[in-house]
Amino acid sequence: MTCAEIVGLLDRLMDGELSEEERRELEAHGESCPTCAEQIRATLQMKALFEEMEPEVDVPLAAQAKWRRAIREDAAQRRRKRLTRWVGSVAAALVVLVGVGLALNGGLSPKQDSAAIMPAGDSAAEVETVREAEEADRATTLGEVTSGIAVVETDGANEAPQVVVDSADEAPAEADGAYEAQPVRADSAKAAPAEPDAAYEASAMEADEAFESAESDSAMEAPMVQAKANETDAMPSPTAEPAAEAMQAGSSDAEYDEEEESDAESMVEDAEEMEAAVAAPLSPACELDLQVTGVDSICMIVRELADDFDATADVQAVEDGSANIYVMIDAEAAPAFMEAVLMLDKSEAKPAVPEVAEAGMVQILLVLRETP
Amino acid sequence: MEESRLIQRASDGDAAAFNSLMGMHERRMYAVALRMCGNPEDAQDCLQEAMLRVWRAVSGFKAQSSFGTWVYRITMNTCLDELRKRKNRPNTSLDGLVDAGWSPADEDDTPERHALRGEVRASLQGFIRELPEDMRAAIVLRDIQGYAYDEIADILGTNVGTIKSRISRGREKLREKIASRSELFDRYRV
């Protein structure tokens, strides 16, 4: 065994792979070579010390609290951005419609309505066009918008919804001054990580499922979701004593879960309220009878339009092939919506847009009959 | 709740699920950060940064690889990034490392033995900190964290041969430093 060959054996020694024969060879060489004897001794010392180093180290409670809070804040920020984008795209769609309406409005007379009416066969293309206009970035010119898009006559009441995005960081940037807890002893530090698991198991499952169902695609929920998100973002910073605060690093997740749960519950309640409102046998504020070609495809278009106007549309097929669509919509948006829907009408004498006397959310009944 | 379900929820943006999931990994991540950075303050900064990186990337995690390996890859990369940024900063004191991450002392410890142990441990941690970063990463993962060679290669994004070479050279450097302070280390091992 040469001195150069020792290195390989020393690595095997460190990895616990030395055979008995190799161990004897190592010892024998060490007895005759002082330099290698020193290397062997140092290797054994290093190995013993490494074995005293734990592969897992308790994280000081203040540091635990800090990274957990950073994650929650990042999650809240993402939700805000998502809602901003959603509301922004609805607003942008309205801008497109209004813009086209302004550009085309002067060229239309009542007798030319039939030319502007979309042939039923192009309805899918028209829906696609509306979507494309939404997805492009918003300041579209007339050239980019095809004649398939419904014309909206602006009367000043049809403004894009005011988007109030709470961009201020409500969660305090750092309550770091409060987190001055000294690193806690190992055994008490071990208690903290268990808390988030228990809290999560107990309440977050419920909160998650309620939250997910409340976040499903319903146009009516968006403004409420935004408001709730703003409330959620204003998570109270723990105000207890520094030491107690650090100890609550695990339980602050439970606080968050409770907030999420109550927010999610109220969102679900609001959504249920809205659905109930649509389904309830309210007497509609007004009714519009339309003659259309292809009731089914026109129903789809009306649904898309309702989405664009932040309204809900409940379609009920009737035996004779016609359809009743109950639309819940904000009274201010109702006239523009009905104007848009009227563009789908194929009758010789177009009905007039009915007045909407009420304020707030109103129900409109659209009756779609197949053109004879 | 099982890990895969927590990962799924975390991928969907569930911060509570993420925090619960990472609660199972944070002590190992911190151990790696502590030995790489060489002091608790920097290690805690690295831990936070690593957590945020994992959070932002979790929706891209592919189930075919091990989540743990993936997390430690991100942790190690975070530490290496931080070390490169702080290259010119003077080394901080080793005091914070004397107790953090070491197995507790025997009950019949004498004050002299206790002091000797502290000095020996601080010296070794200092030697590790003096290693070039790539050697340090390989040594920490192998000799302290106990990962297999192929796992280390996976975490560090290289091949087993390179890892074995780094570990062998790193150990050689540590041996030389220990041998240069043999009077201290020999006393501890009596």
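Residues numbered from 1 in each chain as written. Chains lettered and ligands numbered in written order. Predicted model: local features only at pLDDT ≥ 70, side-chain atom pairs only at ≥ 80, totals over all residues. Heavy atoms only, no water.

## Re the overall build of chain A
In step 1: Scanning chain A from N- to C-terminus turns up 12 helices and four strands.
In step 2: Of the accessible surface of chain A, which amounts to about 18600 Å², a share of 52% is contributed by carbon and sulfur atoms. (Helix = DSSP H or I, 4+ residues; strand = E, 2+ residues; numbered from the N terminus. Areas by Shrake-Rupley, 256 points an atom, 1.4 Å probe, with all protein chains shown as cover.)

## A short note on the overall build of chain B
In step 1: Scanning chain B from terminus to terminus reveals 10 helices and zero strands.
In step 2: In chain B, the order of α-helices and β-strands from amino to carboxyl end is α-α-α-α-α-α-α-α-α-α.
In step 3: Burial status across chain B gives 55% buried among its 190 residues.
In step 4: A fraction of 66% describes how many contacts in chain B between residues 6 or more apart in sequence connect residues 24 or more apart.
In step 5: Total accessible area on chain B is roughly 8200 Å²; 46% of this is exposed by carbon and sulfur atoms. (Buried < 20%, exposed > 50% of the residue type's maximum accessible area, 1.4 Å probe, protein only. Contact = heavy atoms within 4.5 Å.)

## Quick word on helix H8 (residues 149–156) of chain B
Residues and elements named next belong to chain B.
In step 1: Of the residues making up H8, those classed as buried are Tyr149, Ile152, Ala153, Ile155 and Leu156. The buried residues of H8 occupy an angular sector of 165° when projected down its axis, which confines them to one face.
In step 2: Structurally, H8 contributes buried residues whose contacts are with helix H5 (67–85), helix H7 (133–144) and helix H9 (160–180).
In step 3: Phi turns positive, to about 70°, at glycine 157, one or two residues after H8. (Arc of directions from axis to C-beta.)

## A short note on the interface of chain B and chain A
In step 1: Opposite the 55 residues of chain B that make contact, chain A presents 47 residues.
In step 2: Of the roughly 4900 Å² buried between chain B and chain A, counting both surfaces, carbon and sulfur atoms make up 55%.
In step 3: When the buried surface of chain B facing chain A is broken down by residue, Asn19, Arg27 and Arg175 of chain B rank first, second and third, together holding 16% of it.
In step 4: At the junction of chain B with chain A, the criterion picks out 10 salt bridges. (Buried area = accessible area lost by both parts, 1.4 Å probe. Salt bridge = Lys/Arg side-chain N within 4 Å of Asp/Glu carboxyl O.)

## Digging into the nonpolar core
Where a protein is soluble and globular, its nonpolar side chains tend to be buried together.
In step 1: Counting 74 residues, the largest nonpolar core has Phe50 of chain A together with Met22, Met36, Phe67, Met76 and Leu156 of chain B as its most contacted members.
In step 2: In this view, phenylalanine 67 of chain B contacts Glu3, Ile7, Leu21, Met22, His25, Val58 and Phe61 of chain B; residues no more than four positions away in its chain are not counted.
In step 3: Core analysis: the next-biggest nonpolar cluster, separate from the first, contains 34 residues, Leu288, Ile298, Ala306 and Ala336 of chain A among them. (Core = buried A, V, L, I, M, F, W, Y, C linked by side-chain atoms within 4.5 Å.)

## Some remarks on the pairing of strand S2 (residues 312–317) of chain A
Residues and elements named next belong to chain A.
In step 1: Relative to strand S3 (residues 323–330), S2 runs antiparallel, the two sharing six bridges. Counted as the bridge partner of alanine 313 is valine 327 from S3.
In step 2: Count of turn residues in the S2/S3 antiparallel hairpin: five residues, of which glycine 321 carries a positive phi of about 95°. (Pairing = 2+ DSSP bridges.)

## A short note on helix H3 (residues 34–51) of chain A
In step 1: Counted at 1.5 Å a residue, the expected span for H3 of chain A with its 18 residues is 26 Å, and the 26 Å between its end C-alpha atoms agrees.
In step 2: Buried within H3 of chain A are the following residues: Cys36, Gln39, Ile40, Ala42, Thr43, Gln45, Met46, Ala48, Leu49 and Phe50 of chain A.
In step 3: Its buried side turned inward, H3 of chain A meets helix H1 (3–14) and helix H2 (20–32) of chain A together with helix H6 (111–130), H7, H9 and helix H10 (182–188) of chain B. (Expected span 1.5 Å × (residues − 1).)

## Topic: the sheet that holds S2 of chain A
All names here are of chain A.
In step 1: Pairing within the open sheet is mixed, and its four strands lie in the order S1-S4-S3-S2. The open sheet terminates on both sides in strands that have one partner only, identified here as strand S1 (286–292) and S2. Across the sheet, the mean angle separating the axes of adjacent strands is 20° when strand polarity is ignored.
In step 2: Where S1 lies against strand S4 (residues 361–370), seven bridges are found, and the strand directions are parallel. Its bridge partner lying in S4, valine 292 is registered against glutamate 370. (Axes fitted to C-alpha atoms, helices over the stretch in contact; angles between N-to-C directions.)

## Thoughts on the packing of H5 of chain B against H8 of chain B
The axes of two packed helices give the description: the angle between them and the distance between them.
Residue and element names in this part refer to chain B.
In step 1: Look at H5 against H8: their axes get within 8 Å of each other, and the N-to-C directions meet at 55°. Between H5 and H8, the crossing angle belongs to the class labelled oblique. The chirality of how H5 crosses H8 is right-handed. The segment H5 lies against H8, with Thr69, Tyr72, Arg73 and Met76 engaging Asp154, Ile155 and Leu156.
In step 2: For the contact of H5 with H8, the per-class residue count stands at four nonpolar, one polar and two charged. (Parallel < 35°, antiparallel > 145°, perpendicular 65-115°, else oblique. Left-handed = near helix turned anticlockwise from the far one by under 90°. Nonpolar A, V, L, I, M, F, W, Y, C, P; charged D, E, K, R; others polar.)

## Here we look at the pattern of salt bridges
In step 1: Considering all chains together, one arrives at 26 salt bridges over all chains under this definition.
In step 2: Measuring nitrogen to oxygen at the nearest pair gives 3.9 Å for the salt bridge that ties glutamate 17 of chain A to arginine 12 of chain A.
In step 3: The class for glutamate 17 of chain A is partly exposed, based on a relative accessible area of 41%.
In step 4: For arginine 12 of chain A, a relative accessible area of 30% translates into the label partly exposed.
In step 5: Linking arginine 166 of chain B and aspartate 134 of chain B is a salt bridge whose minimum nitrogen-to-oxygen distance equals 3.8 Å. Taken together, the positions of arginine 166 of chain B in helix H9 and aspartate 134 of chain B in helix H7 put the pair 32 residues apart, joining distant regions of the chain.
In step 6: A relative accessible area of 18% means that arginine 166 of chain B is categorised as buried.
In step 7: The exposure class assigned to aspartate 134 of chain B is partly exposed, which follows from its relative accessible area of 34%.
In step 8: One connected set of salt bridges, linked through shared partners, spans Asp11 and Asp15 of chain A together with Arg142, Asp143 and Arg171 of chain B.

## A few points about the environment of glycine 126 of chain B
In step 1: Within the secondary structure, glycine 126 of chain B sits in helix H6.
In step 2: It is 9.6 Å that separates the C-alpha atoms of glycine 126 of chain B and arginine 35 of chain B, two residues lying 91 residues apart in sequence.

## Concerning the confidence of the model for chain B
In step 1: A residue-level look at chain B finds 92% of positions with pLDDT of 70 or above and a mean pLDDT of 89.
In step 2: Across the predicted assembly, pTM comes out at 0.53 and ipTM at 0.92. (pLDDT = per-residue confidence, 0-100.)

## Quick notes on unusual backbone geometry
In step 1: In this structure, aspartate 310 of chain A is a non-glycine residue whose phi angle is positive, near 65°.
In step 2: Relative to the elements of secondary structure, aspartate 310 of chain A occurs in the loop between helix H11 (295–308) and S2.

## As for the environment of isoleucine 144 of chain B
In step 1: Looking at the secondary structure, you find isoleucine 144 of chain B in helix H7.
In step 2: Note on isoleucine 144 of chain B: relative accessible area 5%, which makes it buried.
In step 3: When sequence neighbours within four positions are dropped, the list of residues in contact with isoleucine 144 of chain B reads Phe50, Met53, Glu54 and Pro55 of chain A together with Arg35, Ile128 and Ile139 of chain B.

## Things to note about the packing of H7 of chain B against H9 of chain B
Residue and element names in this part refer to chain B.
In step 1: Viewed as axis vectors pointing N to C, H7 and H9 meet at an angle of 95°, and their least axial separation amounts to 8 Å. Judged by the inter-axis angle, H7 sits roughly perpendicular to H9. Residues Asp134, Met135, Ala138, Ile139, Arg142 and Asp143 of H7 form the contact with H9, whose participating residues are Arg166, Ile167, Arg169, Gly170, Arg171, Lys173 and Leu174.
In step 2: Partitioning the contact of H7 with H9 into residue classes produces five nonpolar, one polar and seven charged.

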